[in-house]
Amino acid sequence: MTAGALGRRRFLAVAAGAVAAAAAPRRARAQGRPIRGGVLKQIGLDPLTFDVHATTSYETQLVSSFVRRTLFKFVNGARYGPSDFTLAPDLALKTAVAADGRTYTITLRPGVRWESRPPVNGRELVAADVKYSIQRALRKSPYAPFLGPVEQIDTPDPRTVRVHLADSFAPFVHNLAEPWSAILPPEVEDRLGDLKAAESLIGCGPFVLERYEPGVKAVFSRNPTYHARGLPYLDKVEWLFIKDRSTQLALFRAGQVDVPYHDARIPRSEVGAFKKTNPGYPVVFWDWLAVRSLAMRTDRAPFNDVRVRRALSLGVDRKKWVAEHLDGEGTEDHGPVPSSMRQWKLAARQLGEGARYLEHDPALARNLLAEAGYPAGLRIKCTNWPGYGPEYVDDLERLAGDLRRVGVELQIVNEEHGQYIRGSFLGRFDEASWGPSSIFTEVDGYLYSFFRSGQAGNRSHVADTQLDVMLEAQRRFTSTSSRKKIIDDIQRRAAAQVYYVYTPSPRNVSSWAPRVRNYGPKNSFDRGAQFEVVWLDQG
C-alpha cells in the first residue's frame, strides 16, 4: 500500500465564510435571538498544570481552551450532535495539502491579536507563533505522535505556515483542532521559564483569565479584542472547583449553578428523582467516546493464549448488562471504535469470526479455558482506580460476577490515582487492569494507541505484526473510502484476537439550567469553542 493514490481533495478548505457564519448566528436563531451578558456558573475541574503541551490532563485542556485557541475547531451549538467533529476555522482560515499528502500550507486569519497585557501587549498573531507552538508540542506533548511525522515547518510570510511531513498522515488537520495543540505566544515562556502557573494562561481566545483561586474557582471574562465580532455572548464563566458529587448535584437542583459538571453529566441513579424535583430542566442521554475495557498482559501467560482471551469475552453477558443494569440506555459493543463514531464503527454482525466472541456462551468459555490448560478456571489480579466513581465500581463488580460464572476469579486491586495513572493506565501491571480510556475525537486514537506495538497507550502489550502494518497504512490513506477499508479490517482482526475485553458502555445523561441556550453535550475538551456561542436567557 502506498500513499500515492490518495484520492485526496487538493484543498482542505474549512471555508471561512460559510462555516464561520454557522458557528454562531444561524445556530443562535434556532433557539431565539441571542442575548448578550450574564455569568454562567459551571462545576469544573482544577488543573494540576496550565501547560497544555506537557500533559494528557483533560483538566488542563478544558481550562486552557477558554483562553488559548487552536488553528481549527469543531462546530458547536445546540444544532450539532455530541460527536459532530466537522471542522471550522479558528486561528486559521484554511489549509491546502500537496498532491502527495506530505505538505500542508496553512493560511492564518488576519487581525487576530493576543491579549492586551504583558508580555504580548495585544500584538498580532503571526506564523512564527504557530511554528513555535507546533514545535513545542512535538517536543513536550504525550500526544505528539498524533501530529504525525513532522519534518520541517516554514513560515514564508507572517500569515502562512507550511508544514512538511515525512509521509502523509490522515489525522493531521483534525488534530490541529484539539486543545492540546493550542497556539501559544513564545514571550510567555521566555518571561516565566515555563507554562505551569496560572499566570501563563495568556491567549487570543473568546475569554481571558480574570482570576484563579486554587481549589476554589477560575473566573473567565469576555475577551474585548476577540476576533469573532459579537462573540462570546457571556460576560463571564465561573468555573467552580467542587469535588463532591452530592454537593454538585445539590447546588444544581437549587439553581446555584447552571451546569453540574464539566460535561453536564448527572449520575444515572439520580435521573428519576431529578426529573421530579426539576421538571423544567432538559435531560439528555448521549453516547460518550470513552471505551471501557479489561486490558491483559498478552505478552505473558495465560493471556498470550487467544483461547483464554476469547473465554473471558464469552463470559460477559452484554445483552443482560445493558437491559437490566443500564435500563437499555447503553451499548453492548463499544470498542475498539466507540459506537458514536458511526462513520467508522463496524456492527457486530460485520466483524466476521470476531462476532462470535461478543456473544454470551459460558459453556464455550469453560471449554476454551480447559483446552488452554485451565480446566479449574483462573484467578486474575485486576488493578483499577475506584476514583472514577461509584458507577465504574459497580460495572467492574458486574464484570467480575460474569467471569466468576465461567470459573474466572477477578481479584480487584484498588490503586490510588497517581499510582494508577503512572502505572496501570500505561500498561504497567502484572496481569490485568480495568477502566475507561481517554477520549479521542479521531478514530486513530482508539486504534494506533491501543494496538500499535510500542505505544504507551497499548495497555495490553499487543505485538501483532499484521495489525502494525494495517495501523500504519490507515494513517497514510487520507482518502476516507480507502482508509475505511483498512480500519474495517483492523476491527475484524482485533475482535478475533480479543486483545481487550470491552465491556458495555452506559449512555451519559446530562442536564443544564433552562436559561442556558444554544448548549448541548460535546465529546470534546474544548470548552472555549463550546461556550463562545452559548447565551443566557435572563427573562
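Quick caveat: nothing in here was measured; it's all calculated off a predicted structure.

Engineer: Please set out the overall build of the chain residue by residue, giving values where relevant.
Structural biologist: Counting secondary structure elements, the chain contains 16 helices and 22 strands. Relative to its length of 539 residues, the chain is compact, with a C-alpha radius of gyration of 24 Å against a globular reference of 24 Å. Each principal axis of the C-alpha distribution contributes one length, and for the chain these read about 70 × 60 × 45 Å. Across the chain, the fraction of contacts at a sequence separation of at least 24, relative to all contacts at a separation of at least 6, is 71%. Accessible surface computed for the chain: about 20900 Å², of which carbon and sulfur atoms make up 50%. Charged side chains of the chain number 74 positive and 60 negative; the gap between the two group centres comes to 4 Å.

Engineer: Got a sec to walk through the sheet that holds strand β18 (residues 500-502)? Specific residues and values, please.
Structural biologist: One open sheet holds the five strands; their spatial order is β16-β15-β17-β13-β18, and the pairing between them is mixed. The sheet is open, and its two borders are formed by β16 (408-414) and β18, each paired with just one other strand. Along the sheet, successive strands turn relative to each other by an average axial angle of 25°, direction set aside. Note that strand β13 (residues 292-296) and strand β17 (residues 432-436) share five bridges and pair antiparallel. Across the sheet, residue L294 finds its bridge partner in β17, namely W434. Contacts between helix α11 (residues 390-404) and the sheet are confined to β13, β15 (378-384), β16 and β17, with β16 contributing the most and set at about 155° to the helix.

Engineer: How would you summarise the side chain of S168 if you had to cite specific residues and measurements?
Structural biologist: Structurally, S168 can be placed in the loop between β8 (160-165) and α4 (172-175). There is a polar contact of 2.9 Å between the side chain of S168 and the backbone oxygen of R476.

Engineer: I'd love a proper account of the packing of aromatic side chains, names of residues and values included.
Structural biologist: The description of an aromatic ring pair rests on the distance of the ring centres and on the angle between the ring planes. Taken as a whole and judged by the stated rule, the model has 28 aromatic pairs. Aromatic pair F252 and F274: ring centres 5.3 Å apart, planes at 10°, arrangement stacked. With a gap of 22 residues between them, F252 in helix α6 (residues 245-253) and F274 in helix α7 (residues 271-277) connect regions that are remote in the sequence. Both residues of the pair, F252 and F274, belong to the buried class.

Engineer: Report on α11, specifying residues and quantitative values.
Structural biologist: In this model, α11 (15 residues) spans 21 Å end to end at C-alpha, consistent with the 21 Å of a helix rising 1.5 Å per residue. Listed in full, the buried residues belonging to α11 are Y392, D395, L396, L399, A400, G401, D402 and L403.

Engineer: Give me the pattern of salt bridges: which residues, what numbers.
Structural biologist: On inspection of all chains with the given rule, the structure shows 40 salt bridges. Of the charged contacts, one joins K381 and D430 as a salt bridge, the two residues approaching to 3.0 Å between their closest N and O atoms. Within this pair, whereas K381 is found in strand β15, its partner D430 is found in the loop between α12 (417-422) and β17, the two being separated by 49 residues in sequence. The partly exposed category is assigned to K381, whose relative accessible area is 31%. A salt bridge links E409 to R404; its shortest N-O distance comes to 3.6 Å. Through salt bridges with shared partners, a single network forms among E210, R211, E213 and K236.

Engineer: Just give me the short version of the packing of helix α8 (residues 306-314) against helix α10 (residues 362-371), but keep the residues and values in it.
Structural biologist: Axis separation between α8 and α10 bottoms out at 8 Å; the angle between their running directions is 160°. As judged from the angle between their axes, α8 and α10 are roughly antiparallel. Considering how the two elements wind past one another, α8 and α10 form a crossing that is left-handed. The residues of α10 that touch α8, namely those facing R307, V308, R310, A311 and L314, are P362, L364, A365, L368, L369 and E371.

Engineer: Describe the environment of L195, with residues and values.
Structural biologist: Residue placement: L195 occurs in the loop between α5 (186-192) and β9 (207-213). Note on L195: relative accessible area 2%, which makes it buried. On a C-alpha basis, the gap between L195 and V130 in space is 17 Å, while along the polypeptide they are 65 residues apart. The contacts of L195, once residues within four sequence positions are left out, are T49, F50, D51, R68, R136, L184, V188, E189 and S200.

Engineer: Outline the nonpolar core, supporting the account with residue identities and numerical values.
Structural biologist: Membership of the largest hydrophobic core comes to 140 residues, with the highest contact counts inside it found for L40, L71, F220, L294, L312, L399 and F451. Apart from the residues lying within four places of it in its own chain, the contact partners of L312 are L294, M296, F303, I380, L403, V408 and V501. Listed in part, the six residues of the second largest apolar core include Y226, A228, L231 and V533.

Engineer: With reference to specific residues and values, describe the pairing of β17.
Structural biologist: Summarising burial for β17: five of the five residues are buried, a large majority. A two-sided burial pattern is seen for β17, the buried positions comprising A432, W434 and P436 on one face and S433 and G435 on the other. Of the pairings in the sheet, the one linking β15 to β17 comprises two bridges and is parallel in character. Bridge pairing links C382 to A432 in β17.

Engineer: Now, about unusual backbone geometry: what can you tell me, with residues and values included?
Structural biologist: Leave glycine aside and you will find that most residues have negative phi; peptide bonds, for their part, are mostly trans. Going from P118 to P119, the amide bond is cis rather than trans, its omega being 5°. Mapping P119 onto the fold places it in the loop between β6 (103-108) and α3 (127-140). Omega for the peptide link from A301 to P302 comes to 5°, which places this bond in the cis form. In this model, D327 sits at a positive phi of 55°, which is unusual for a non-glycine residue. Structurally, the position occupied by D327 is in the loop between α9 (318-325) and β14 (330-331).

Engineer: Could you give an account of the packing of helix α13 (residues 444-451) against helix α14 (residues 465-476), with specific residues and numbers?
Structural biologist: Axis separation between α13 and α14 bottoms out at 10 Å; the angle between their running directions is 150°. Considering only the axes of α13 and α14, their crossing is left-handed. Only L467, D468, L471, E472, Q474 and R475 of α14 make contact with α13, whose side of the interface consists of D444, L447, Y448 and F451. Counted by class, the contact of α13 with α14 contains five nonpolar, one polar and four charged residues.

Engineer: Tell me about the pairing of β13, and please be specific about residues and values.
Structural biologist: Along β13, five of the five residues are buried, which leaves the element largely enclosed by surrounding structure. Neither face of β13 is left uncovered, since the one carrying R292, L294 and M296 and the one carrying S293 and A295 both have all their residues buried. Sheet topology places β13 next to β18; three bridges connect them, and they run antiparallel. When the bridges of β18 are listed, S293 appears paired with Y502.

Rules behind the numbers
- Throughout this description, residue numbers start from 1 for each chain and increase along the sequence as written.
- A pLDDT threshold of at least 70 governs which residues receive local features in this predicted model, and a stricter bar of 80 or more applies before side-chain atom pairs are shown or counted, although totals over entire chains, interfaces and linings include all residues.
- To obtain the side-chain values, all non-hydrogen atoms of the structure were used and water was disregarded.
- A run of H or I in DSSP counts as a helix once it spans at least four residues, and a run of E counts as a strand once it spans at least two, with each numbered from the N terminus.
- Here the globule rule is a power law, 2.2 Å times the number of residues to the power 0.38, and the radius of gyration is based on C-alpha atoms.
- Whether two residues are in contact is decided by their heavy atoms, any of which lying within 4.5 Å being enough.
- Only the protein chains shown count as covering a residue, and every accessible area follows the Shrake-Rupley method with a 1.4 Å probe.
- Asp and Glu count as negative and Lys and Arg as positive, but His and the ends of the chain are not part of the count.
- Note on charges: their place is set at NZ of Lys, CZ of Arg, CG of Asp or CD of Glu.
- Note on pairing: DSSP must find at least two bridges between two strands before they are called paired.
- To get an axis, fit a line to the C-alpha atoms, keeping to the stretch in contact for a helix; angles then go from 0 to 180 degrees between the N-to-C directions.
- N or O atoms within 3.5 Å of each other form a polar contact, as long as, within protein, one can give a hydrogen and the other can take it, and as long as residues adjacent in sequence are counted only when both atoms are side-chain atoms.
- In this scheme Phe, Tyr and Trp rings, the latter by its six-membered ring, pair at centre separations within 6.5 Å, and the angle between planes marks the pair as stacked below 30 degrees, edge-to-face above 60, and tilted otherwise.
- Accessible area is worked out with a 1.4 Å probe on protein chains only. A residue is then buried under 20% of its type maximum, exposed over 50%, and partly exposed in between.
- Each helix should span, by expectation, one fewer than its residue count multiplied by 1.5 Å.
- We define a salt bridge as a side-chain nitrogen of Lys or Arg found within 4 Å of a carboxyl oxygen belonging to Asp or Glu.
- For this classification, under 35 degrees means roughly parallel, over 145 means roughly antiparallel, 65 to 115 means roughly perpendicular, and everything else is oblique.
- Two helices cross in a left-handed way if the nearer one is turned anticlockwise from the farther one by less than a right angle. They cross in a right-handed way if the turn is clockwise.
- Side-chain atoms within 4.5 Å link the members of a nonpolar core, which is a set of buried Ala, Val, Leu, Ile, Met, Phe, Trp, Tyr and Cys residues.
- Polarity classes work like this: nonpolar for Ala, Val, Leu, Ile, Met, Phe, Trp, Tyr, Cys and Pro, charged for Asp, Glu, Lys and Arg, and polar for all others, with Gly in that last group.

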